[in-house]
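Descriptive structure summary
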Amino acid sequence: QIVPLWIAPNVLTFSGFVLILVNYFLLCFYDWDYTASGTSPGRVPTWVWLFSAFSTFCAYTLDSIDGKQARRTQSSSPLGELFDHGLDSWATSIFVLSFFSVCSRDNGKTGVSVYTMYLYLSIVLFNFLCSHWEKYNTGVLFLPWGYDLSQVVLIAAYLLTGAFGVEVWHKPFLVGYYITDVLVILLIGFSLFLSFPQTLYNIHRAHLKKTLKNGSLYEGLLPLVSPLVLFLLLTAWVVLSPGNILAKQPRLFLWLVGVVFSNVVVSISV
């Protein structure tokens with residue numbers, strides 16, 4: 001209710017995206033190769049982590065209210081929905097790539113390996129794909145509670161880092177496991193046992209109610225082909241690269257993954 005009626009919903013959507021983009025490039029400046037938190041703990045200023053928390057919170061809030069603003073101003077449109085989901089497909093990878101600066105790249109003592117980073121990003125993008133594949137078949141976009149939880153965890157992680165420094169991530173958290181290990185375990189568990197099963201259940205329920213948008217199994221599964229081929233090719237590149245591309249240029253490679261994924265998956269929202 002505090003947003004003026006003359007502000008277009010797409011302005012809210014785009015403003016949130018710009019904030020997380022500025023935050024990402026800010027972290028790029030201080031931590032290009034994801035080593036600052038592990039080898040030079042004081043290299044990233046405290047204010048950067050606090051800005052990361054602020055920008056994430058604002059982007060999350062703006063992304064949550066843009067649809068409400070569209071209905072409030074009676075300006076909802078398929079183009080606005082496509083714009084929203086298109087930027088979301090970009091933002092999903094940017095959120096993850098920004099978080100990697102907190103936990104840092106593996107240096108033999110602390111941090112996570114670049115291959116774990118690739119796995120982490122792939123799982124998050126898979127969850128995004130599942131939600132939109134479900135919408136493609138049922139006509140309803142159901143976002144699991146894990147989306148809200150992930151945003152809260154990101155904000156808390158940035159605030160924790162700003163308050164106590166990156167050293168908090170370099171100490172065992174539970175029975176020899178680090179916080180980053182726990183987060184990866186939770187992410188994999190959520191994807192395999194909650195998010196993906198929920199997607200299949202919602203599609204099955206729509207099938208029983210005869211409300212599916214696609215009449216054949218072929219049409220229903222078709223949107224999964226391109227993303228599957230994409231990740232098979234990217235994984236083959238990671239494994240077979242003679243120059244070890246992921247280890248040599250992790251930020252550029254992971255950015256490529258996010259950009260290409262966005263271009264492939266956004267077609268599901270059309």
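Source: prediction; values computed, not measured.

Some points on the UniProt feature "transmembrane region" (unreviewed entry) in the chain
The UniProt record marks residues 12-32, 44-62, 112-129, 149-170, 182-201, 221-240 and 252-269 with the feature "transmembrane region" (unreviewed entry), using the residue numbering of this structure. Counted over residues 44-62, helix gives 89% and strand 0%. Its end C-alpha atoms are 27 Å apart. Taken end to end, residues 221-240 is 85% helix and 0% strand, and its two terminal C-alpha atoms sit 29 Å from one another.

So, the pattern of salt bridges
Summed over all chains, the structure comprises one salt bridge. Note that Lys135 and Glu81 form a salt bridge whose closest N and O atoms lie 3.2 Å from each other. Pair noted here: Lys135 is in helix 5 (residues 114-138) and Glu81 is in helix 4 (residues 78-103), with a separation of 54 residues, a long-range link. For Glu81, a relative accessible area of 33% corresponds to the partly exposed category.

As for the environment of Trp169
Looking at the secondary structure, you find Trp169 in the loop between helix 6 (145-164) and helix 7 (179-208). Owing to a relative accessible area of 4%, Trp169 belongs among the buried residues under this scheme. When the C-alpha atoms of Trp169 and Ile203 are compared, they prove to be 39 Å apart, with 34 residues separating the residues in sequence. Setting aside anything within four residues of it in sequence, one finds Trp169 in contact with Phe99, Val102, Ala157, Thr161, Tyr178, Ile179, Thr180 and Leu183.

What about the packing of helix 1 (residues 9-30) against helix 4?
As a packed pair, helix 1 and helix 4 sit with axes 10 Å apart at the nearest point and diverge in direction by 20°. Judged on the interaxial angle alone, helix 4 and helix 1 are roughly parallel. Crossing handedness for the pair helix 1 and helix 4: left-handed. Residues Asn10, Thr13, Phe14, Phe17, Ile20, Leu21, Asn23, Tyr24 and Leu27 of helix 1 touch helix 4, and the partners they reach there are Gly80, Phe83, Asp84, Leu87, Trp90, Ala91, Ile94, Phe95, Leu97, Ser98 and Ser101. Residues of the contact of helix 1 with helix 4, tallied by class, amount to 13 nonpolar, six polar and one charged.

Here we look at the side chain of Asp88
Relative to the assigned elements, Asp88 resides in helix 4. Asp88 has contacts with Asp63 and Phe128, leaving out every residue within four places of it along the chain.

Topic: the nonpolar core
If you look at the biggest cluster of nonpolar residues, it comprises 56 residues, and the most contacted ones within it are Phe99, Phe100, Tyr118 and Leu254. Residue assignment for this core shows that the elements contributing at least two residues are helix 1, helix 3 (46-72), helix 4, helix 5, helix 6, helix 7, helix 9 (225-240) and helix 11 (250-265). Those residues in contact with Tyr118 that sit more than four places away from it in its chain are Phe231, Leu234, Thr235, Val238, Leu246, Phe253, Leu254 and Val257.

Examining a nonpolar patch on the surface
Side chains of Tyr218, Leu222, Val225, Val229 and Leu233 sit close together on the surface and give an oily, nonpolar patch of about 500 Å² of accessible area. Per element, the largest residue contribution to the nonpolar patch is three residues, and it comes from helix 9. Assignment of secondary structure puts Tyr218 in helix 8 (residues 217-221). Residue Tyr218 is classed as exposed on the basis of its relative accessible area, which comes to 61%.

Thresholds applied
Residues numbered from 1 in each chain as written. Predicted model: local features only at pLDDT ≥ 70, side-chain atom pairs only at ≥ 80, totals over all residues. Heavy atoms only, no water. UniProt positions renumbered as here; feature names shortened; annotations may be inferred. Helix = DSSP H or I, 4+ residues; strand = E, 2+ residues; numbered from the N terminus. Salt bridge = Lys/Arg side-chain N within 4 Å of Asp/Glu carboxyl O. Buried < 20%, exposed > 50% of the residue type's maximum accessible area, 1.4 Å probe, protein only. Contact = heavy atoms within 4.5 Å. Axes fitted to C-alpha atoms, helices over the stretch in contact; angles between N-to-C directions. Parallel < 35°, antiparallel > 145°, perpendicular 65-115°, else oblique. Left-handed = near helix turned anticlockwise from the far one by under 90°. Nonpolar A, V, L, I, M, F, W, Y, C, P; charged D, E, K, R; others polar. Core = buried A, V, L, I, M, F, W, Y, C linked by side-chain atoms within 4.5 Å. Patch = residues over 30% accessible without salt bridge, like charges linked within 9 Å, V, L, I, M, F, W, Y side chains within 5 Å. Areas by Shrake-Rupley, 256 points an atom, 1.4 Å probe, with all protein chains shown as cover.

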